[in-house]
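Here's the letter readout for the chains.
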Amino acid sequence: MDAYELITRNAAEVVTESEIEALADDPEGKRAYVGYEPSGVLHIGHMLTANKLIDLQEAGFEVTVLLADVHAYLNDKGSFEEIRHTAERMRDQFIAYGLDESNTQFVLGSDFQLDDDYTLDLHALELETTLARAERAMAEISSGDSVKVSQAVYPLMQALDIPYLGVDLAVGGMEQRKVHMLARDVLPSIDREPPTSLHTPLIADLGTGRGKMSSSEGVTISMEDSREDIESKVNDAYCPPTADPEPTDDGVERENPVLQVFEYHVFPRFDSVTVERPEEYGGDLVYDAYDDLEGDLESGELHPADAKDALAEYLDRLIAPGRQQLAE
């Protein structure tokens with residue numbers, strides 16, 4: 001793959017296309033970043049953006065991972081001491097998962113977000129942003145029914161982090177799109193460039209195929225899961241023999257999360273995927289590309305149960321180094 005293909009592989013959206021093309025023309029030394037609230041254990045959502053960071057490193061980018069301890073504090077996730085301890089655990093898990101340690105800079109938000117210049121620029125953004133505009137950006141990330149002032153400031157800090165980290169590309173899931181659009185709107189008011197951004201897809205709930213997979217509700221997969229946990233969760237996953245399932249009786253759209261995990265997690269990390277089957281059922285199937293696996297599921301050549309067995313195997317291979325790191 002060339003740099004452009006690596007940058008855009010499995011991206012749900014880039015903003016803007018011309019800016020991405022310019023980065024792809026000369027990616028060496030460019031810097032991409034993603035921010036995470038320290039939450040203790042990497043789950044499949046973290047791993048999806050981490051896969052994209054690995055692509056970007058292969059394309060020539062340097063990577064900054066913001067372990068957003070101040071954001072977590074504003075979101076009432078514990079004391080600074082607790083949050084920073086959690087951040088250290090996450091750092092080690094990202095390296096175990098596959099980020100190139102020599103080409104990855106881990107930064108705590110408190111390393112720069114408490115400085116005078118940052119604070120004054122944050123106040124300048126507050127003067128330029130209506131509460132309604134800030135609330136639109138935080139709609140996908142706030143929790144609970146009552147909005148706190150700290151949560152309204154949260155997306156403005158996310159916007160300001162981008163120039164203060166000196167990055168060329170902001171990466172996040174599609175739930176971060178509103179924040180990145182806010183950044184494009186407000187950063188020019190303090191003479192900062194609007195950021196180029198890339199958004200990864202959202203994976204549907206593993207058990208139902210609806211909504212998005214979440215660590216707080218429904219079924220998800222994390223680095224704490226044992227091989228047996230992974231097999232159990234994948235075996236119970238929603239996996240109709242199609243990539244385009246029918247909506248529910250209530251009209252709720254559904255995806256096939258088993259295929260999504262193959263596409264966004266497994267195939268980017270493995271050159272080929274082998275589905276092991278007894279000879280009496282046709283023997284092993286080997287796939288060099290995701291589209292071939294999807295096509296066989298649609299045609300009936302690949303049974304959903306066999307697809308699930310293979311998915312559990314490859315997910316365990318991806319998660320095992322992080323699980324070992326947690327155990328140590």
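If you check an unreviewed UniProt entry, the protein appears there as Tyrosine--tRNA ligase from Halorubrum miltondacostae. Recorded in UniProt under Catalytic activity (unreviewed entry), the annotation for the protein is "tRNA(Tyr) + L-tyrosine + ATP = L-tyrosyl-tRNA(Tyr) + AMP + diphosphate + H(+)". The Subcellular location (unreviewed entry) comment attached to the protein in UniProt states, word for word, "Cytoplasm".

(A) Representation of the pairing of strand S6 (residues 197–200) within the structure. Taking every second residue as pointing to the same face, both faces of S6 are buried, with Ser197 and His199 on one and Leu198 and Thr200 on the other. Sheet analysis places strand S1 (residues 13–15) next to S6, joined by three bridges and oriented antiparallel. Bridging across to S6, Glu13 finds its partner in His199. Inspection of the sheet shows strand S5 (residues 169–173) paired to S6 by four bridges, in the parallel sense. Each bridged residue has a counterpart across the sheet, and for Val171 the counterpart in S6 is Leu198.

(B) Region of interest: the pattern of salt bridges. What the rule picks out here adds up to 19 salt bridges. Between Arg184 and Glu19 there is a salt bridge, with its nearest N and O atoms 3.2 Å apart. With Arg184 in helix H9 (residues 177–186) and Glu19 in helix H2 (residues 17–25), this pair connects stretches of sequence that are 165 residues apart. Glu19 gets classed as partly exposed once you look at its relative accessible area, which sits at 24%.

(C) Quick look at the packing of helix H3 (residues 44–59) against helix H11 (residues 257–266). Relative to each other, H3 and H11 sit at 45 degrees, their axes nearing to 9 Å. With respect to their mutual orientation, H3 and H11 come out oblique. In this structure, H3 contributes Ile44, Met47, Leu48 and Asn51 to the contact, and H11 contributes Val261, Tyr264 and His265.

(D) Local environment of a negative patch on the surface. Negative charge collects at one region of the surface, where Asp244, Glu246, Glu253, Glu255 and Glu298 lie side by side. Checked against the element boundaries, Glu298 lands in helix H12 (residues 290–299). Judged by its relative accessible area of 40%, Glu298 falls in the partly exposed class.

Calculation notes
Residues numbered from 1 in each chain as written. Predicted model: local features only at pLDDT ≥ 70, side-chain atom pairs only at ≥ 80, totals over all residues. Heavy atoms only, no water. UniProt positions renumbered as here; feature names shortened; annotations may be inferred. Buried < 20%, exposed > 50% of the residue type's maximum accessible area, 1.4 Å probe, protein only. Helix = DSSP H or I, 4+ residues; strand = E, 2+ residues; numbered from the N terminus. Pairing = 2+ DSSP bridges. Salt bridge = Lys/Arg side-chain N within 4 Å of Asp/Glu carboxyl O. Axes fitted to C-alpha atoms, helices over the stretch in contact; angles between N-to-C directions. Parallel < 35°, antiparallel > 145°, perpendicular 65-115°, else oblique. Contact = heavy atoms within 4.5 Å. Patch = residues over 30% accessible without salt bridge, like charges linked within 9 Å, V, L, I, M, F, W, Y side chains within 5 Å. Areas by Shrake-Rupley, 256 points an atom, 1.4 Å probe, with all protein chains shown as cover. Lys, Arg positive; Asp, Glu negative; His and termini not counted. Charge placed at Lys NZ, Arg CZ, Asp CG, Glu CD.

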